[in-house]
Amino acid sequence: MSGETTLTIIGNLTADPTIRFMNDTGDAVVNFTVASTPRVFDSKSKQWKDGAPVFMRCTQWREPGQNVADSLIKGSRVVVVGKLQQREYTDREGIKRQVMEVVADEVGVSLKYAVAKPVRSKSRSSNGRPSTGSGGRGNGASDDPYAAAAPEDDSEGVPF
């Protein structure tokens, strides 16, 4: 859609993503903050140093949001692509506030300093929660997403 401000931010999560479900629709919404710190060259000392960090609040909805909550933890290095939005709200004291946030279209783990093994998420019921007793953080016997039935010989590959 034209007229939207789309951006990409790369950085680390400042805390575990928080997930909640909307009362009226049951849709999941996850919120997280990404800290992005640029490296700048100091010509006087002839060394690279950390620049001023940018903290960007991000939101992702429905099943992709649940996947973020199930997959990422504080410190995870991520790549977020989404639309920059300015939103107004009234806080608990009745004061009107404004916030800039990214409504994420895509969130991925950065492979610059890590290794990831994609696993398809389980299908979810109409209220957005897992349709089986397994899946999701803390729901099954194991919190390890790779403990699920994986082929012994991975030469077959994963059809993504």
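- As named in an unreviewed UniProt entry, the chain is Single-stranded DNA-binding protein, taken from Nocardia terrae.
- The chain has a UniProt comment under Subunit (unreviewed entry) that states "Homotetramer."

1. Some remarks on the overall build of the chain
Reasoning step 1: A tally of regular secondary structure across the chain gives 1 helix and 8 strands.
Reasoning step 2: Across the 160 residues of the chain, 22% fall into the buried class.
Reasoning step 3: Restricting to contacts in the chain with at least 6 residues of sequence separation, those with at least 24 account for 59%.
Reasoning step 4: Of the accessible surface of the chain, which amounts to about 11400 Å², a share of 51% is contributed by carbon and sulfur atoms.

2. Here's the deal with the packing of aromatic side chains
Note on aromatic pairs: each is described by the distance of the centres and the angle between the planes.
Reasoning step 1: A complete count under the given rule lists 1 aromatic pair for this structure.
Reasoning step 2: For the ring pair F41 and W48, a centre distance of 5.3 Å and an interplane angle of 65° mean the geometry is edge-to-face.
Reasoning step 3: On the basis of relative accessible area, F41 is assigned to the partly exposed category, the value being 43%.
Reasoning step 4: The exposure class of W48 is exposed, given its relative accessible area of 53%.

3. Looking at unusual backbone geometry
Glycine aside, residues mostly have negative phi, and peptide bonds are mostly found in the trans state.
Reasoning step 1: Despite not being glycine, K46 shows a phi value in the positive range, around 60°.
Reasoning step 2: Its location among the elements puts K46 in the loop between strand 4 (39–42) and strand 5 (47–50).
Reasoning step 3: A relative accessible area of 60% places K46 in the exposed class.

4. Side note on the pairing of strand 4
Reasoning step 1: Across 4 bridges, the pairing between strand 4 and strand 5 is antiparallel. When the bridges of strand 5 are listed, F41 appears paired with W48.

Cut-offs used in this document
Residues numbered from 1 in each chain as written. Predicted model: local features only at pLDDT ≥ 70, side-chain atom pairs only at ≥ 80, totals over all residues. Heavy atoms only, no water. UniProt positions renumbered as here; feature names shortened; annotations may be inferred. Helix = DSSP H or I, 4+ residues; strand = E, 2+ residues; numbered from the N terminus. Buried < 20%, exposed > 50% of the residue type's maximum accessible area, 1.4 Å probe, protein only. Contact = heavy atoms within 4.5 Å. Areas by Shrake-Rupley, 256 points an atom, 1.4 Å probe, with all protein chains shown as cover. Phe/Tyr/Trp six-rings, centres within 6.5 Å; stacked < 30°, edge-to-face > 60°. Pairing = 2+ DSSP bridges.

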